Amino acid sequence: MKKTETGHTLFAVSTGPSDSRYLTQEAIKVIDSCKTIFYPITSSGTRPNIAFDCIKEITDIKNKNCIGIRFSMTGNKDKTEEEYKSIVKQISRELQNNNAALIAIGDISIYSTAAHIADIIGEMGFNTKFVSGVPSFCAAAGMLKLDLAESNEEISIIPGDAYIKNGKLDEALERQGTKIIMKSSRHLKEILAKIEEKNLTEHSSLIHNAGFKNEKVFRGKELLSIPEDFYLHAYMSIIIIKKDKKLTL
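Just so it is clear, the structure is predicted and the values come from calculations on it, not from any experiment.

A. Geometry of the overall build of the protein. For the protein, the helix and strand inventory stands at eight helices and ten strands. Rg of the C-alpha trace for the protein: 19 Å, near the compact-globule value of 18 Å for 249 residues, within the 12% margin. Evaluated residue by residue, the protein yields a buried proportion of 47% over its 249 residues. If you take every contact in the protein between residues at least 6 apart in sequence, the share linking residues at least 24 apart comes to 74%. Roughly 13,100 Å² of accessible area belongs to the protein as shown, and the carbon and sulfur atoms make up 48% of that amount. One way to put it: in the protein the 34 positive side-chain charges average out to a point 3 Å from where the 32 negative ones average out.

Next comes the structure, spelled out in structure tokens:
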């Protein structure tokens, strides 16, 4: 890949799980200082631009060059690679003249496409910097008033959909310590069935849209009676399993 020489920087900025309450002071400072803001949008347009809506609350976007970068989120590797090439081309063009921010919900270092884009930009010779944020599962644990790990306990972060597809979920659920299941919207019903099969339902909570006004929480046995229509819009759902806690009403 062609290397370049530039003093400009791409900032990969975490916006936290929902609105501007979770933005760090560093994130606000970086967003204010960058002339160009790249933000993710989906091809379908059915999901809200959470990260972009978040920064609109704290900066005057009329004075910014705000560019939506499109992700299909189909799981098709060839299509994803083509999208990455297009995105990298747009960002590298902008970095010839100015610093830029690439914003993403949650924390930039956890299951983040933005981090992958920043890595490619860095390999091209541009300066990059990660701006940390509040991970969604930490916000969710705070809402549950749940200590994720005590003393020497382990924490496992599990990509639910992928582990259902490759048969790894059973083993993951048998691990010691707290288990956090993310990226699970496509196979959520199957994942909850596995949790019940392992007798972990009473120790589990599902938090949907953590930090939003319309957040929903299902605890313990409530997980067995989730409405069917919920599964159609289960994106932004997190499951936390802590075996020494019975999460009932």
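B. Highlighting the sheet that holds strand β3 (residues 65-71). Pairing is parallel in the open sheet, where five strands are placed in the order β3-β2-β4-β1-β5. Each of the sheet's edge strands pairs with one partner strand only, and the pair in question is β3 and β5 (127-131). The sheet shows a mean angle of 25 degrees between the axes of neighbouring strands, direction not considered. With five bridges joining them, strand β1 (residues 9-14) and β5 adopt parallel strand pairing. Within the sheet, the bridge partner assigned to A12 lies in β5 and is F130. Across the face of the sheet, helix α1 (residues 25-33) comes into contact with β1, β2 (36-42) and β5 while running at roughly 140 degrees to β1. Where helix α4 (residues 113-123) meets the sheet, its contacts fall on β1, β3, β4 (100-104) and β5, and the angle it forms with β5 comes to roughly 160 degrees.

C. Spotlight on the packing of helix α3 (residues 77-95) against α4. As a packed pair, α3 and α4 sit with axes 10 Å apart at the nearest point and diverge in direction by 60 degrees. One element, α3, and the other, α4, form an angle in the oblique class. As α3 runs across α4, the sense of the crossing is right-handed. On the side of α3, the interface is formed by Y84, I87, V88, I91, S92 and L95, while α4 contributes T113, H116, I117, I120 and I121. Looking at the contact of α3 with α4 residue by residue, the class counts come to eight nonpolar, three polar and no charged.

D. The nonpolar core, seen in detail. Core analysis: the largest hydrophobic core is formed by 22 residues, its most contacted members being L10, F38, I91, L95, L102, I117 and I121. Of all the secondary structure elements, the ones that give two or more residues to this core are β1, β3, α3, β4 and α4. Leaving out residues up to four positions away in the same chain, I91 has contacts with L10, F38, L102, I117 and I121. I158, L192, F218 and Y231 belong to the second largest nonpolar core, which has 21 residues in total.

E. Local environment of the sheet that holds strand β7 (residues 178-182). Taken in spatial order, the five strands line up as β6-β7-β10-β8-β9 in an open sheet, and their pairing is mixed. Two strands in the sheet have a free side with no partner beyond their single neighbour: β6 (155-159) and β9 (216-219). Each adjacent strand pair in this sheet contributes to an overall mean axis angle of 15 degrees, direction not counted. Helix-sheet contacts for helix α5 (residues 136-144) involve β6, β7, β8 (204-208), β9 and β10 (237-241), and the interaxial angle to β10 is about 60 degrees. In the packing of helix α8 (residues 188-197) onto the sheet, the strands contacted are β7, β8 and β10, and the crossing angle to β10 comes to about 10 degrees.

About the criteria used
Residues numbered from 1 in each chain as written. Predicted model: local features only at pLDDT ≥ 70, side-chain atom pairs only at ≥ 80, totals over all residues. Heavy atoms only, no water. Helix = DSSP H or I, 4+ residues; strand = E, 2+ residues; numbered from the N terminus. Rg over C-alpha atoms; globule rule 2.2 N^0.38 Å. Buried < 20%, exposed > 50% of the residue type's maximum accessible area, 1.4 Å probe, protein only. Contact = heavy atoms within 4.5 Å. Areas by Shrake-Rupley, 256 points an atom, 1.4 Å probe, with all protein chains shown as cover. Lys, Arg positive; Asp, Glu negative; His and termini not counted. Charge placed at Lys NZ, Arg CZ, Asp CG, Glu CD. Pairing = 2+ DSSP bridges. Axes fitted to C-alpha atoms, helices over the stretch in contact; angles between N-to-C directions. Parallel < 35°, antiparallel > 145°, perpendicular 65-115°, else oblique. Left-handed = near helix turned anticlockwise from the far one by under 90°. Nonpolar A, V, L, I, M, F, W, Y, C, P; charged D, E, K, R; others polar. Core = buried A, V, L, I, M, F, W, Y, C linked by side-chain atoms within 4.5 Å.

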